[in-house]
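Survey of secondary and tertiary structure
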Amino acid sequence: MAVSAEPASFTILPKAGKTICQSGSSQIGEAAAKVELCVAQGNFSHDTYLVKIDGKLVVKGIDDDTTKGVSAAYQGGNLNLVCTPQNEGPTEVAPERIASMQQNMPQLTEEQAKSMVIMMQTVEVGRLCKASLNDQALFSAQVTFQ
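Procedures and definitions
- Residues numbered from 1 in each chain as written.
- Predicted model: local features only at pLDDT ≥ 70, side-chain atom pairs only at ≥ 80, totals over all residues.
- Heavy atoms only, no water.
- Salt bridge = Lys/Arg side-chain N within 4 Å of Asp/Glu carboxyl O.
- Pairing = 2+ DSSP bridges.
- Helix = DSSP H or I, 4+ residues; strand = E, 2+ residues; numbered from the N terminus.
- Core = buried A, V, L, I, M, F, W, Y, C linked by side-chain atoms within 4.5 Å.
- Buried < 20%, exposed > 50% of the residue type's maximum accessible area, 1.4 Å probe, protein only.
- Contact = heavy atoms within 4.5 Å.
- Axes fitted to C-alpha atoms, helices over the stretch in contact; angles between N-to-C directions.

Two side chains bearing opposite charge may form a pair once their charged atoms approach each other closely. Per the stated rule, a full pass over the model turns up one salt bridge. The partner of Glu124 in a salt bridge is Arg127, with the nearest N and O atoms 2.7 Å apart.

So this is what it looks like as structure tokens:
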């Protein structure tokens, strides 16, 4: 089963409570196929990721599962979807924040307190999703949370 060397690439801006899809085309076997990623962003719940090929649902998983990868059989092959979290946090931390953390947790060193503040202020801003069929790329999608 041959897959195009140039995978589809697209961007998705999910919206809470809605399913947003983007698609492209990839060569699968002898034919071009429409490959699609849909993201159903939950309201204070898990986001769901769905991969469709030519309109048929092939693989589905929640955000936690896609971090490790979800797989399904497709045309005798293995379709795998991995969505890697992209996080952003502060690079600088005000000394007052470090002191406050140490006041609440006196056993922490200054460096540990700084790390805790950074960890608490780090948020997931998106995911980079990649789908492959038998280890050959089908698509890459940048999911950016608003």
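Before going further, it helps to spend a moment on the pairing of strand β7 (residues 77-88). Pairing of strand β6 (residues 70-74) with β7, which is carried by five bridges, proceeds in the antiparallel orientation. Looking at the pairing, Ala73 lines up with Asn78 of β7. Taking the residues between adjacent antiparallel strands as the criterion, β6 and β7 are bridged by two residues, where Gln75 takes a positive phi near 45 degrees.

So, about the nonpolar core. By size, the foremost hydrophobic cluster in this structure holds 28 residues, and its most contacted members are Leu37, Tyr49, Ile53, Leu79, Leu81 and Phe139. Excluding residues within four positions of it along the chain, Leu81 makes contact with Leu37, Tyr49, Val51, Val59, Thr66, Gly69, Val70, Cys129, Lys130, Ala131 and Phe139. Counting six residues, the second largest nonpolar core, distinct from the first, contains Val93, Met101, Leu108 and Ala113.

Taken in spatial order, the four strands of this open sheet run β2-β3-β4-β5, and their pairing is antiparallel. The sheet terminates laterally at β2 (19-28) and β5 (56-62), the two strands that pair on one side only. Taking each pair of neighbouring strands and ignoring which way they run, the sheet shows an average axis angle of 20 degrees. As paired strands, strand β3 (residues 31-40) and strand β4 (residues 48-53) are joined by six bridges and run antiparallel to one another. Among the inter-strand pairings, Leu37 is bridged to a residue of β4, identified as Val51.

Attention shifts here to the environment of Ser9. Of note, Ser9 is situated in strand β1 (residues 8-12). Taking C-alpha positions, Ser9 is 5.6 Å from Ala141, a pair spaced 132 residues apart along the chain.

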